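The primary structure of each chain is shown beneath.
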Amino acid sequence: MFKNIAYFWMTLAVLLLDIFILNQLSIAMWLRPMLFPLIVVLLPMEWRTIWVLITSLVVGLIMDMSLGGAGLYTATLLPMAIMRRTILFVTTGRSVEAGDQSSLLSRMSLRQLMIYVGGMLFVHHTLFFILEALSFGALLQLIATIIFSTLLSLLIAWPIVRLFTSKIVTK
Amino acid sequence: MHRLIEFIKRIYVLVIFIFVEGIALWTYASSSPYTEARLLSRTTAVGGAISGAITDVGHFFSLPEQNRTLVARVAELNELLQSREDVTEGVVADSLLHVNDDPQFRYRAARVVSMTTNRRRNYIVLDRGAEDGIAKDMGVITPQNELVGYVVSCSEHYCVVQPMLNTEFSTGGRLVDNNHVCVIRWSGASKYEMEAVELSVYSEPRKGMEVEVRSERLPAGVLIGTIEDFELNSAKSAYSATISIAADMSSLDNLLIVENRHYGELQMLIEQNEQR
């Protein structure tokens, strides 16, 4: 059974970290890390898509209400719920089978886990920054923002991912 | 029936996703005029081609009517040209010659691709874009020289116009008879009426008085409408008036986009002045 408590604490930590720390940072225009997609990324793989979609909606709404996103956070997080299994398959070659997927994340190799998390963050950040800018006028800056922000997000997210997946195994 | 239920079961997640995503995008688009105009112009770039093809059929059948309007306009312009030639005959009129050599205002014809009039924030999409030299802040008028709105966003082939029928629309106005200025805006109450506010107590408005645009984006003489009703505010410091819109905003088709070639220079000057 999936470790709900570990998941709850991870969700809370990520939301607080994002809203109160990462969002307040102004390192550079092209460096804006975001961790909240992790909540969807690390959801149990055996969950039905509808529940992942509902979770994405709730997380998106919390982010929008907290940071005044006016739907931007929700609009960019919802596609992650739909694309999650596809991205998992594309990045790691693993497909989700019915029945025994309760700890798929913890059974992945570190390399596979990093590619999957990085891929999900990259797709999310691409959607987010394109929708935020709504213009390809400054294309180089947009690309730089997506790449560097994804890398920094992954760097900050990695310890959380490791801690979380180890909790799943040990509990 | 059983197959239908099975089909719905198969696609219901996708349907819910599209529905919720649509609401999220709509909320985001409505959050500011920028996002609204940008998203509208992006979606229009795709939908515009389809919509354009459909409207082309409509344009074909309205050609006789359009021809009559154009012929009338050509006649009117010829008349104006003739009167200017008469004035300048034998006399060197530098100002007129200068205007002819280097016109400050450039006109481009455009056709309506799609438009709304039943919302509080209406928009019009025209079939001219950045590729045709269209840019933000250009004025849009009817061939009869009546104000329609201003360009707020452009894609390569299309532009989005914020018409007068938009609660965020605002422009300067001028009473033709006495030059008193006012602010023109739309309350959203009627698609045939605008509001003129901050009219001086000395402006002596009256019913039927014409109101023109007073903006650096458009030349003088662009008509907004005529005063329908007016009242002095409770502090007796200014008039507000209801203006009957001159242009028929619900049946726009061929329009003119007006470029003030000195607009950038004027804006720079205004900004410099504001920074002092």
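Time to look at the overall build of chain A. Scanning chain A for helices and strands turns up 7 helices and 0 strands. The linear arrangement of helices and strands in chain A, starting from the amino end, is α-α-α-α-α-α-α. Going through the 171 residues of chain A one by one, you find that 49% of them count as buried. Accessible surface, chain A as shown: approximately 8200 Å² in total, 71% of it carbon and sulfur.

This part covers the packing of aromatic side chains. Following the criterion strictly, the structure yields 7 aromatic pairs over all chains and no others. Chaining the aromatic ring pairs together yields one cluster made of Phe36, Tyr73, Phe128 and Phe129 of chain A.

Phi angles above zero are rare outside glycine, and Ala70 of chain A is one such case at about 55°. Along the chain, the position of Ala70 of chain A falls in the loop between helix 3 (49-67) and helix 4 (72-92). According to the relative accessible area criterion, Ala70 of chain A is partly exposed, its value standing at 28%. Not every positive phi belongs to a glycine, and Asn145 of chain B is a case in point at roughly 70°. Tracing the backbone through its elements, the reader meets Asn145 of chain B in the loop between strand 3 (139-141) and strand 4 (147-154). The class of Asn145 of chain B is partly exposed, set by a relative accessible area of 23%.

Here the focus is the interface of chain B and chain A. Chain B puts 16 residues into the contact, and the matching count from chain A is 20 residues. Approximately 1400 Å² of surface area, both sides summed, lies buried where chain B meets chain A, with 74% of it carried by carbon and sulfur atoms. Broken down residue by residue, the surface that chain B buries against chain A is led by Val13, Phe17 and Tyr28 of chain B, which jointly contribute 36%. Where chain B packs against chain A, one counts 0 salt bridges. For the pair chain B and chain A, the number of links is 3 residue pairs in polar contact (both at pLDDT 80 or more). Counting residues per element, the ones that place at least two in the side of chain B that touches chain A are helix 1 (2-30) and helix 2 (33-61) of chain B.

Another point: the confidence of the model for chain B. All names here are of chain B. Across chain B, the average pLDDT comes to 82, with 84% of residues at or above 70. The least confident element of chain B, judged by mean pLDDT, is helix 4 (residues 94-101) at 44; the most confident is strand 9 (residues 210-213) at 94. For residues 90-101, every residue scores under 50 in pLDDT, and the model assigns this stretch 4 contacts once sequence neighbours within four places are set aside.

Residue and element names in this part refer to chain A. Two numbers describe how helix 3 lies on helix 4: the axes approach to 8 Å, and their chain directions differ by 160°. Classified by the angle between their axes, helix 3 and helix 4 sit roughly antiparallel to one another. Here helix 3 and helix 4 pass one another in a crossing that is right-handed. Here Thr49, Val52, Leu53, Ser56, Leu57, Val59, Gly60, Leu61, Met63, Asp64 and Leu67 of helix 3 lie close against helix 4, whose contacting residues are Leu72, Tyr73, Thr74, Leu77, Leu78, Ala81, Ile82 and Arg84. Taken together, the residues that form the contact of helix 3 with helix 4 break down as 13 nonpolar, 4 polar and 2 charged.

This part is about the state of the cysteines. Residues and elements named next belong to chain B. On inspection of all chains with the given rule, the structure shows 0 disulfides over all chains. Between Cys154, a cysteine without a disulfide, and Cys159, which holds the nearest cysteine sulfur, the sulfur-to-sulfur distance is 5.1 Å. According to the relative accessible area criterion, Cys159 is buried, its value standing at 0%.

This paragraph deals with helix 3 of chain A. For helix 3 of chain A, with 19 residues, the first-to-last C-alpha span of 26 Å sits near the 27 Å given by 1.5 Å per residue. Residues of helix 3 of chain A that are buried: Ile50, Val52, Leu53, Thr55, Ser56, Val59, Gly60, Met63 and Asp64 of chain A. Close packing links the buried residues of helix 3 of chain A with helix 1 (4-22), helix 2 (37-41) and helix 4 of chain A together with helix 1 of chain B. Downstream of helix 3 of chain A by a residue or two, Gly68 of chain A has a phi angle that is positive, lying close to 65°.

All names here are of chain B. With respect to topology, 6 strands assemble into a closed barrel ordered 1-2-5-4-3-12, the strand pairing being antiparallel. Strand after strand, the sheet turns through a mean of 40° between neighbouring axes, direction not considered. Here strand 1 (residues 105-115) runs beside strand 2 (residues 124-126); their pairing, made up of 3 bridges, is antiparallel. Bridge pairing in strand 2 places Met115 opposite Ile124.

Reading the values: rules and limits
- Residues numbered from 1 in each chain as written.
- Chains lettered and ligands numbered in written order.
- Predicted model: local features only at pLDDT ≥ 70, side-chain atom pairs only at ≥ 80, totals over all residues.
- Heavy atoms only, no water.
- Helix = DSSP H or I, 4+ residues; strand = E, 2+ residues; numbered from the N terminus.
- Buried < 20%, exposed > 50% of the residue type's maximum accessible area, 1.4 Å probe, protein only.
- Areas by Shrake-Rupley, 256 points an atom, 1.4 Å probe, with all protein chains shown as cover.
- Phe/Tyr/Trp six-rings, centres within 6.5 Å; stacked < 30°, edge-to-face > 60°.
- Contact = heavy atoms within 4.5 Å.
- Buried area = accessible area lost by both parts, 1.4 Å probe.
- Salt bridge = Lys/Arg side-chain N within 4 Å of Asp/Glu carboxyl O.
- Polar contact = N/O pair within 3.5 Å; in protein donor to acceptor, adjacent residues only side chain to side chain.
- pLDDT = per-residue confidence, 0-100.
- Axes fitted to C-alpha atoms, helices over the stretch in contact; angles between N-to-C directions.
- Parallel < 35°, antiparallel > 145°, perpendicular 65-115°, else oblique.
- Left-handed = near helix turned anticlockwise from the far one by under 90°.
- Nonpolar A, V, L, I, M, F, W, Y, C, P; charged D, E, K, R; others polar.
- Disulfide = S-S within 2.5 Å.
- Expected span 1.5 Å × (residues − 1).
- Pairing = 2+ DSSP bridges.

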